[in-house]
Amino acid sequence: QYWITFDEGNDWAGLGYSTSQNPPGRCTPNIYGQMNMNYGDCPEGDSGTEPYIVAHNLILAHAEAVSIYRSKYQVSSLQRVQSPFLFLFLPTFFR
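Residues numbered from 1 in each chain as written. Predicted model: local features only at pLDDT ≥ 70, side-chain atom pairs only at ≥ 80, totals over all residues. Heavy atoms only, no water.

*Asks:* What should I look at first to understand the nonpolar core in this one?
*Replies:* Considering soluble globular proteins, one finds that nonpolar side chains tend to be buried as a cluster. Core analysis: the largest hydrophobic core is formed by five residues, namely F6, A13, V54, A55 and L58. Here this core gets three residues from one element, more than from any other, and that element is helix α2 (residues 50–72). (Core = buried A, V, L, I, M, F, W, Y, C linked by side-chain atoms within 4.5 Å. Buried < 20%, exposed > 50% of the residue type's maximum accessible area, 1.4 Å probe, protein only. Helix = DSSP H or I, 4+ residues; strand = E, 2+ residues; numbered from the N terminus.)

Shown next as structure tokens:
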């Protein structure tokens, strides 16, 4: 069996706190991205630090959930828990 804790944490971290494409819509004002798209059309935020803080907390929450799952619910070594992060700055560890 395979379980995941958070699906596409990159959307939460990157798109929500860097480019304002997803809620909560935070980013650094007046940042232009791909195809000269204005990602800075948001009231507040810091695209340079907030995505990393969010990703850090997602990884900590994933680690805690895996720890609880392994200690209380895992019945076979064939069962795995994963978190499919897609951003390059987010390391993904599969055991």
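There is more to say after this.
*Asks:* Help me understand the pattern of salt bridges in this model?
*Replies:* Where side chains of opposite charge bring their charged atoms close, a pairing between them can arise. Counted under the stated rule, the structure contains two salt bridges. Ionic pairing is found between E44 and R26, a salt bridge with its closest N-O pair at 2.9 Å. In this pair, E44 is assigned in the loop between α1 (9–17) and α2 and R26 in the loop between α1 and α2, connecting sequence segments 18 residues apart. For E44, a relative accessible area of 47% corresponds to the partly exposed category. Judged by its relative accessible area of 21%, R26 falls in the partly exposed class. When the shortest N-O distance is used, the salt bridge between E50 and R26 registers 2.6 Å. (Salt bridge = Lys/Arg side-chain N within 4 Å of Asp/Glu carboxyl O.)

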